[in-house]
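Listed below are the residues making up each chain.
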Amino acid sequence: MARRPGRPPPRALPEAEAVTEPETTTARESGGPDRIVAFAARSLGSALRLSVRFPTGTEERSAAEIANRAWTVVQAEFTAVDLALSRFRDDSELTMLNRIAGSEAVVPVSWRLRRALAAIDRAARVTGNRFDATVLGALERIGEHGADLDQPSASASAGAPVISGTPGMRAPGKRLVHVPPVPVDLGGIGKGLALRWASAAAVAALPPDAGLLLEAGGDIVCAGSPPAESWRIGVEDPVSPPSAKSPPLAVLDLRSGAVTTSSVRVRNWIGPDGRPVHHLVDPKTREPARSGLLAVTVAGPDPAWAEVWSKALFVTGRESIGDLARARGLAAWWIDDRGRLGMTPEARIRTLWAREERLG
């Protein structure tokens, strides 16, 4: 996904740098100028960007101070999510849980991990198992390696409680869950949950007439009071190289909610057997999905559920995606392996502009 057309993105930062000084720009809308304070960093392995919008007349210093508070809240939430849900961290809660998967133990976990586990269970049921978090083994096999699950967890070696049978004790601030039967990957839904929680906390730190747009790795959520003509979001062309500055295939209108994309444009590589692979695994075959699609974008009220449906629609495939997306009432855009752009009626309502020559 691209940022709002007409204004430069926040400057790129080294991966290790966590915070920037805010950039303040003025973007003119039909209802008057808006002051935009923007930040950029990296989190959860991808770019993290926050744009905070203030209405006409907001004093620059006041805007910067308020936006800084919102940025601090966003970064704190993403840090907490990384520690709870990352499969790439040796010390994350998820890694510790995955190391004892199948043990039938009952263990105390944070509310973030508990809600994430509940979310993947519901997502599998709602999508008919098109969304399946148990593909971690397949990802490891094709070369996307996370933390070593054969190593003992630091918390386990330090005597962290692992409770079997009837729960008889609780860790402070945690609740008990049954260990999953197999290791799980929270990947996209974890990022969606981070966007959900961070945007809710950040908008609570803003005055009622302000709003924000938060982006993590191309997935976007906005909250609060939008600009006069809404946020404008571009759908990237997955046919062009990732480094190319190609025009978007479509421009969307976003006043609230989220837009997320599942795409093979960036996360693709040559697997151990020499075949080209990507990270979107088909739960039925346990192989990278060969669905005739290159990218699927979904807009909806919640970033975690938009993530779920963009993945579920991707593995559904070129021939059936339209029927499923329309049956679920989803605003969905997709690009197939012939470069054609498709969309549902709900997506057309949100589309301000599209490249007519690419419509299929």
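Further up the page is the structure itself.
Residues numbered from 1 in each chain as written. Predicted model: local features only at pLDDT ≥ 70, side-chain atom pairs only at ≥ 80, totals over all residues. Heavy atoms only, no water.

*Asks:* Could you clarify how one ought to interpret the overall build of the chain in this entry?
*Replies:* When you go through the chain residue by residue, the secondary structure sums to nine helices and 18 strands. Excluding contacts between residues fewer than 6 apart, the proportion of contacts in the chain whose partners are at least 24 apart in sequence is 64%. Accessible area for the chain stands at about 16200 Å²; split by element, carbon and sulfur atoms hold 52% of it. (Helix = DSSP H or I, 4+ residues; strand = E, 2+ residues; numbered from the N terminus. Contact = heavy atoms within 4.5 Å. Areas by Shrake-Rupley, 256 points an atom, 1.4 Å probe, with all protein chains shown as cover.)

*Asks:* Just checking my understanding: could you explain the nonpolar core for this structure?
*Replies:* The tendency in soluble globular proteins is for nonpolar side chains to be buried side by side. With 51 residues, the main nonpolar core has Leu50, Val74, Phe78 and Leu214 as its most contacted residues. The leading source of residues in this core is helix α1 (residues 60–85), at ten residues. Not counting residues within four places of it along the chain, the set of residues in contact with Phe78 comprises Ser43, Leu44, Leu48, Ala194, Leu195, Ala198, Leu214 and Ala216. In this structure, Val235, Leu254, Val259 and Trp333 belong to the second largest nonpolar core, which totals 21 residues. (Core = buried A, V, L, I, M, F, W, Y, C linked by side-chain atoms within 4.5 Å. Buried < 20%, exposed > 50% of the residue type's maximum accessible area, 1.4 Å probe, protein only.)

*Asks:* Could you clarify how one ought to interpret α1 in this entry?
*Replies:* Residues that lie three or four places apart on an α-helix share one face, since the helix turns once every 3.6 residues. When the terminal C-alpha atoms of α1 are compared, their 37 Å separation across 26 residues agrees well with the 38 Å that a helix rising 1.5 Å per residue should span. A distance of 3.0 Å separates the backbone nitrogen of Arg61 from a side-chain oxygen at the start of α1, and that oxygen is part of Glu59. (Expected span 1.5 Å × (residues − 1). Polar contact = N/O pair within 3.5 Å; in protein donor to acceptor, adjacent residues only side chain to side chain.)

*Asks:* How should helix α3 (residues 111–126) be read in this particular structure?
*Replies:* Along its 16 residues, α3 runs 22 Å from first to last C-alpha, staying within 8% of the 22 Å computed at 1.5 Å per residue. Among the residues of α3, Arg112, Leu113, Ala116, Leu117, Ala119, Ile120, Ala123 and Ala124 are the ones counted as buried. The buried residues of α3 occupy an angular sector of 160° when projected down its axis, which confines them to one face. Taken together, the buried residues of α3 touch α1, α2 (93–98), β4 (106–109), β5 (175–178), α6 (187–204) and α7 (303–316). One or two steps after α3, the chain reaches Gly128, where phi turns positive at roughly 65°. (Arc of directions from axis to C-beta.)

*Asks:* Just to check I follow, could you spell out the packing of α1 against α6 for this structure?
*Replies:* The angle between the axes and the distance between the axes are what describe a pair of packed helices. Contact pair α1 / α6: the axes reach a minimum separation of 9 Å and the direction vectors enclose 150°. Taken together, the axis directions place α1 and α6 in an arrangement best described as roughly antiparallel. When you trace α1 past α6, the crossing you get is right-handed. Every residue of α6 that contacts α1 at Ala70, Val73, Val74, Glu77, Phe78, Val81 and Leu85 is listed here: Gly190, Ala194, Leu195, Trp197, Ala198, Ala201 and Ala202. Grouping the constituent residues of the contact of α1 with α6 by class yields twelve nonpolar, one polar and one charged. (Axes fitted to C-alpha atoms, helices over the stretch in contact; angles between N-to-C directions. Parallel < 35°, antiparallel > 145°, perpendicular 65-115°, else oblique. Left-handed = near helix turned anticlockwise from the far one by under 90°. Nonpolar A, V, L, I, M, F, W, Y, C, P; charged D, E, K, R; others polar.)

*Asks:* Would you mind going over the pattern of salt bridges with me for this structure?
*Replies:* Side-chain pairs of opposite charge can arise whenever the charged atoms involved come near each other. Following the criterion strictly, the structure yields 28 salt bridges and no others. Between Lys174 and Glu93 there is a salt bridge; the shortest N-O distance is 3.8 Å. Of this pair, Lys174 sits in the loop between α5 (154–157) and β5 while Glu93 sits in helix α2, and the two are 81 residues apart along the sequence. By relative accessible area, Lys174 is classed as partly exposed at 32%. Here Arg265 makes a salt bridge to Glu236, at a shortest N to O gap of 3.1 Å. Of this pair, Arg265 sits in the loop between β10 (257–263) and β11 (268–270) while Glu236 sits in the loop between β8 (231–235) and β9 (250–254), placing them 29 residues apart in sequence. A relative accessible area of 35% means that Glu236 is categorised as partly exposed. When salt bridges that share partners are traced, they join Arg87, Glu140, Glu144, Asp185 and Arg267 into one network. (Salt bridge = Lys/Arg side-chain N within 4 Å of Asp/Glu carboxyl O.)

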